[in-house]
Protein chains: 2
Amino acid sequence: MNIAIYGYGNLGRGVEDSIRRNPDMKLVAVFTRRSPESLTVATEGVPVVSTENIMEWKDKIDVLIICGGSATDLPEMTPALAKSFNVVDSFDNHSNIPVHFERVNKIAKENGTVALISCGWDPGMFSVNRLYASCILPDGKDYTFWGKGVSQGHSDAIRRIEGVIDARQYTVPVEDALESVRSGKNPELTARQKHKRECFVVAEEGADKARIEREIVTMPAYFEPYDTTVTFITAKEMKEKHSELPHGGNVIRTGVTGKEDCHTQVIEYKLTLDSNPEFTGSVLVAYARAVCRMAKRGDSGCKTVFDIAPADLSAADRSEIIAHLL
Amino acid sequence: MNIAIYGYGNLGRGVEDSIRRNPDMKLVAVFTRRSPESLTVATEGVPVVSTENIMEWKDKIDVLIICGGSATDLPEMTPALAKSFNVVDSFDNHSNIPVHFERVNKIAKENGTVALISCGWDPGMFSVNRLYASCILPDGKDYTFWGKGVSQGHSDAIRRIEGVIDARQYTVPVEDALESVRSGKNPELTARQKHKRECFVVAEEGADKARIEREIVTMPAYFEPYDTTVTFITAKEMKEKHSELPHGGNVIRTGVTGKEDCHTQVIEYKLTLDSNPEFTGSVLVAYARAVCRMAKRGDSGCKTVFDIAPADLSAADRSEIIAHLL
């Protein structure tokens, strides 16, 4: 399977790391909007190509994994690239997924390509688990918790405050809320009851720290609805203790079965990730395998993780997975 | 969707409970090997029919859910019934699954039916989670823990000991082992290190309890490889405290990503079930929906949970699940 990466940021590097762990896959090119000479990739011998020249690669790529941002990149890139390539993206703006789906589906159908959108862990593996659990326990309630992990959006919001040099924000699930959900009590939880926010900030010398803290904790939508702590640290501490991108979370469904709903059943899916972009990249690569197979079978159009049978993700053949994993 | 149940024990009743929670499904008949007059089912108006007369129902059933035992029932029943019906079974003898698959596949292909085997939670949801996790993290290690829950096989083994009136055996995962796995240490664990066995026994009056306990804890394969505790209780206590069938467990995969395998990633799927047969029944019913759809699309042959795209399990349509669960 010949795989190419479009965009070489944290996610692109995560995809690259995963490809080398899958012997049935080969990384054939990395496309960049930057000057190709400025970029060195980790995999030896792989050409770095300007995105302007991608059409020269049309017949050399089985699946193109698009590693762009959801705000402005993917809404343009995925439809444009799905004209000529089978693609996978990680579009994660949940409320805009239906619109993105329709746009990509039209183009992929017209051009006979397969385009899998919104892959990763949320959307992605968390979505699959929400679906499985809701189908098994129709009389139940879903909960999703995130963290402990770095939220890039919230970190960026703090960095925009005057006097802030750098910031890192951790989203932390509230342990009591998790336990209450697991117990089957079906609690109604506010944003504040589910998550808290821990902020680490490097301030300019002489900056008014009290004002910075006030601006953070009162910021609407981002921090005001949560219990937020702000800790000022040095640039050195930031580098030493907060340079990684851990994340994770829990999808929990509690449901009832039996006479008069007498039995509680709890399904929980939990991720504890040292590296968010490397895990997300690993999911994209597994789904690229399925996309390649669907395209070879003559399928086309926009797909989501809901449409992929688990067997299509595996490098092993059917008799092997039946014998060893069933 | 017209569903029928073949066999009305604990699992059959669990399937029945789930069907009434799925408005797109209708229970049309319950088949029994017992005398039909001797059986009253929970759903009003549903006929109880002798298994001898099942062929009269050939065109009235979309999917037949076979609720028999794996030791002797299902190896005979599933191939025989797959000649005339789309079927779902819960065959759980892991090492014999490949043989069962081949037998059922041949018959289902020849007769144009769809037969899903080995559905439930293990095999079933645990298998799906082992597969997803191994595809995402190829450089990793799998662990499956069971319990806390009642093992019918181990309870039966105790009941066969002279002087035992009744017994209930709980399989209990060892918490330290779970924590060691979750930490990403990839421990090598013996059977004894992973699970312990708690036995509750009602003995005949005057029975030699020391001998019964010794026979239990030294029983090869069943108890000898584990730390086993034996507690003698009264028949009244057994009825009051041990009449339910809880179960559950954890599927955990820990893997590595990144430069020099520097990042540990942990995926965990956990079930905490008040009722094992009702949860298993709920899984069978969700998969019956997929079987019905595959048959309508003209598919045939033996299937496993690996072959089913998650979307096929859902009563909701595609745009709805994309908008609300992705």
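If you're wondering where the values come from, they're calculated on a predicted model, not measured in any experiment.

Conventions we followed
Residues numbered from 1 in each chain as written. Chains lettered and ligands numbered in written order. Predicted model: local features only at pLDDT ≥ 70, side-chain atom pairs only at ≥ 80, totals over all residues. Heavy atoms only, no water. pLDDT = per-residue confidence, 0-100. Axes fitted to C-alpha atoms, helices over the stretch in contact; angles between N-to-C directions. Helix = DSSP H or I, 4+ residues; strand = E, 2+ residues; numbered from the N terminus. Parallel < 35°, antiparallel > 145°, perpendicular 65-115°, else oblique. Contact = heavy atoms within 4.5 Å. Nonpolar A, V, L, I, M, F, W, Y, C, P; charged D, E, K, R; others polar. Buried < 20%, exposed > 50% of the residue type's maximum accessible area, 1.4 Å probe, protein only. Arc of directions from axis to C-beta. Polar contact = N/O pair within 3.5 Å; in protein donor to acceptor, adjacent residues only side chain to side chain. Pairing = 2+ DSSP bridges. Core = buried A, V, L, I, M, F, W, Y, C linked by side-chain atoms within 4.5 Å. Buried area = accessible area lost by both parts, 1.4 Å probe. Salt bridge = Lys/Arg side-chain N within 4 Å of Asp/Glu carboxyl O. Phe/Tyr/Trp six-rings, centres within 6.5 Å; stacked < 30°, edge-to-face > 60°. Lys NZ or Arg CZ within 6 Å of the ring centre and 35° of its normal.

K.L.:
Just checking my understanding: could you explain the confidence of the model for chain A for this structure?
P.N.:
Interpretation of this model should avoid reading the predicted coordinates in detail wherever pLDDT is low. Of the residues in chain A, 100% have a pLDDT of 70 or more, and the chain-wide mean is 97. Confidence metrics for the complex model read pTM 0.97 and ipTM 0.97.

K.L.:
Help me understand the packing of helix H4 (residues 125-136) of chain A against helix H10 (residues 276-296) of chain B, please; the structure alone is not making it clear to me.
P.N.:
Between H4 of chain A and H10 of chain B, whose axes approach to 8 Å, the crossing angle comes to 105°. It follows from the interaxial angle that H4 of chain A and H10 of chain B lie roughly perpendicular. Counting all contacts with H4 of chain A, which are made through Tyr132, Cys135 and Ile136 of chain A, the residues of H10 of chain B involved are Phe279, Ser282, Val283, Ala286 and Tyr287 of chain B. Taken together, the residues that form the contact of H4 of chain A with H10 of chain B break down as seven nonpolar, one polar and no charged.

K.L.:
I keep staring at helix H8 (residues 209-217) of chain A and nothing clicks. Help me out?
P.N.:
All names here are of chain A. For H8, the full list of buried residues reads Arg211, Ile212 and Ile216. Burial along H8 is one-sided: seen end-on, the buried residues are contained in an arc of 135°. Of the surrounding elements, those touching the buried residues of H8 are helix H5 (152-159), strand S9 (164-173), strand S10 (195-203) and strand S11 (227-232). The distance from a side-chain oxygen at the start of H8 to the backbone nitrogen of Ala210 is 3.2 Å, and the residue carrying that oxygen is Asp208.

K.L.:
What is the right way to read the sheet that holds strand S9 (residues 164-173) of chain B from this model?
P.N.:
Backbone hydrogen bonds hold the strands of a sheet together, and the pairing may be parallel or antiparallel. Residues and elements named next belong to chain B. If you walk across this open sheet you meet the four strands as S8-S9-S10-S11, and the pairing is mixed. Strand pairing shows two members of the sheet lacking a second neighbour, strand S8 (149-150) and strand S11 (227-232), which therefore form its edges. The sheet contact formed by strand S10 (residues 195-203) and S11 spans six bridges and is parallel. Across the sheet, residue Lys196 finds its bridge partner in S11, namely Asp227. On the sheet, helix H5 (residues 152-159) packs against S8, S9 and S10 and is oriented at approximately 145° with respect to S9. Helix H8 (residues 209-217) contacts S9, S10 and S11 of the sheet and is inclined by roughly 150° relative to S11.

K.L.:
Please explain the nonpolar core as it appears in this structure.
P.N.:
In summary, soluble globular proteins display a tendency toward joint burial of nonpolar side chains. Grouped together as the largest cluster of nonpolar side chains are 160 residues, with contacts concentrated most on Phe31, Leu64 and Tyr287 of chain A together with Phe31, Leu64 and Tyr287 of chain B. Filtering out sequence-adjacent residues up to four positions away, Phe31 of chain B remains in contact with Ala4, Ile5, Tyr6, Gly7, Tyr8, Val49, Ser50, Thr51, Ile54, Trp57, Ile61 and Leu64 of chain B.

K.L.:
Sorry, what's going on with the interface of chain B and chain A here?
P.N.:
Interfaces are often sized by the accessible area lost when the parts come together. Across the boundary between the two partners, chain B contributes 70 residues, which contact 70 residues of chain A. Each partner contributes to the roughly 5,800 Å² buried at the junction of chain B and chain A, and carbon and sulfur atoms together form 59% of this total. Here chain B and chain A share six salt bridges between them. For the interface between chain B and chain A, the tally reads 41 residue pairs in polar contact (both at pLDDT 80 or more). Those elements that provide at least two residues to the side of chain B that touches chain A are helix H3 (97-111), helix H4 (125-136), strand S12 (247-257), strand S13 (263-273), H10, strand S14 (301-303) and helix H11 (318-324) of chain B.

K.L.:
Help me out: how do you make sense of the packing of aromatic side chains in this one?
P.N.:
Going through the model one piece at a time under the given rule, you end up with 11 aromatic pairs over all chains. Pairing Phe31 of chain A with Trp57 of chain A gives two aromatic rings, centres 6.0 Å apart and planes at 90°, and the pair type is edge-to-face. Here Trp57 of chain A lies in the loop between strand S3 (48-50) and strand S4 (63-66) and Phe31 of chain A lies in strand S2 (residues 26-32), a separation of 26 residues in the sequence. There is no split in this pair, since Phe31 of chain A and Trp57 of chain A are both buried. Each ring, one from Trp121 of chain A and one from Phe126 of chain A, has its centre 5.2 Å from the other, and the planes form 75°; the classification is edge-to-face. By relative accessible area, which is 7% here, Trp121 of chain A ends up buried. Overall, the relative accessible area of 0% leaves Phe126 of chain A in the buried class. Clustering of aromatic rings is evident, with ring pairs tying together Tyr6, Phe31 and Trp57 of chain A. Directly above the ring of Phe145 of chain A sits Lys194 of chain A, whose terminal nitrogen or CZ lies 5.1 Å from the centroid. For Lys60 of chain B, the ring lying beneath its charged end belongs to Trp57 of chain B, and the centroid distance is 5.0 Å.

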